[in-house]
Amino acid sequence: MTGLRAARTAAALVIPGELVLVLCLVAGVRVPGWALAAAEAAVLGVLLLEGWVLGRLYARTRSWRETVRAAVPVPVRQLLLHEVRAVGSLGRWALRREHGVGAGDRAAPYTGPQTAMMYGLLFVAVVETVGLAVLVPWPAVHRVVLVLDVYGVVMVLALHAACVTRPHVLRADGSLRIRYGALFDLTVPPDALVSARVEHRFPEGRLVTLSGDGVLDLIVGGQTTVTLELNRPLDFRRPLGARGRARTVRFHADDPRALVSALRQPAPP
């Protein structure tokens, strides 16, 4: 583990420096030859160290999956997984296919409060992309900025597509799957649900907010509309991988009354 920590520390120190050097070269700043040589030597040293650490981990686990899990921090893995799932949602969105909604299940959309905001962000991102393409005079800088701006536009669309194609799902067996795109996923078993009610609230905080008394708020557009009381705490995973436990769950549904009414109906045997 000492070697793994050393490899992570070295990467955290060298990668930002390499990015700064690349930006200087792109901007036309004259960099001394010794600085370029030192930077390349540092990168080569980090790559060799990373390869050595990965080799030791693989020799111990004999599994590339376990090796990646040990070498890559959980938040980094979760972010990459979210991005892959979000980009994949663009195809589902184009084909009008929902994820995880089977025969006999009931989908409950939740994107109403944020749709205008997401399209507003998309408009701003497109305007920024076009504006910088016109204003930036240096070809190299223009290409770098264009790639970053296009990536931003795609990710805004992908986040919205993930939310549209991954609605809440009331399954045929009475369990409720509460989601927010590819970032959050919690299943409430039917035997854990004590009560469900429509309750419009406007809590402050991030997307996933957990209070000290076990109240979980999954906030969409600054609001929640459905409150679930549970008879036992349920474990859930935050977007970056941290774990939490909630005994009360508050989330948003575009049609909360229909969802609550369906939740109150007895599940089929």
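Since the model is a prediction, treat every value here as computed from it, not as a measurement. (Residues numbered from 1 in each chain as written. Predicted model: local features only at pLDDT ≥ 70, side-chain atom pairs only at ≥ 80, totals over all residues. Heavy atoms only, no water.)

Q: Honestly, the nonpolar core in this entry has me stumped. Any pointers?
A: Nonpolar side chains in soluble globular proteins generally cluster together in the buried interior. Counting 29 residues, the largest nonpolar core has Leu-176, Leu-228, Val-249 and Phe-251 as its most contacted members. Contributing elements (two or more residues each) for this core: strand S3 (176-180), strand S4 (184-188), strand S7 (215-218), strand S8 (224-237), strand S9 (243-251) and helix H7 (256-264). It is S8 that contributes the most residues to this core, 5 residues altogether. Aside from chain neighbours lying at most four places away, what touches Leu-228 is Leu-176, Ile-178, Val-188, Leu-193, Ser-195, Ala-196, Arg-247, Thr-248, Val-249, Phe-251 and Leu-263. Residues Met-118, Leu-122, Ala-125 and Val-153 belong to the second largest nonpolar core, which totals 5 residues. (Core = buried A, V, L, I, M, F, W, Y, C linked by side-chain atoms within 4.5 Å. Buried < 20%, exposed > 50% of the residue type's maximum accessible area, 1.4 Å probe, protein only. Helix = DSSP H or I, 4+ residues; strand = E, 2+ residues; numbered from the N terminus. Contact = heavy atoms within 4.5 Å.)

Q: Where do I start with the environment of Leu-230 in this structure?
A: Mapped onto the secondary structure, Leu-230 falls in strand S8. Note on Leu-230: relative accessible area 6%, which makes it buried. Separated by 40 residues in the primary sequence, Leu-230 and Pro-190 have C-alpha atoms spaced 9.7 Å apart.

Q: I would appreciate a short explanation of the sheet that holds strand S5 (residues 193-201) in the present structure.
A: Pairing is mixed across the open sheet formed by 5 strands, whose spatial order is S5-S8-S9-S7-S6. On the outer flanks of this sheet lie S5 and strand S6 (208-210), each paired with one strand and no other. In this sheet, neighbouring strand axes are inclined to one another by 35° on average, regardless of whether the strands run parallel or antiparallel. The pairing of S7 with S9 spans 4 bridges and is classified as parallel. Among the inter-strand pairings, Leu-218 is bridged to a residue of S9, identified as Phe-251. Relative to S5, H7 is tilted by about 170°, and along the sheet it contacts S5, S8 and S9. (Pairing = 2+ DSSP bridges. Axes fitted to C-alpha atoms, helices over the stretch in contact; angles between N-to-C directions.)

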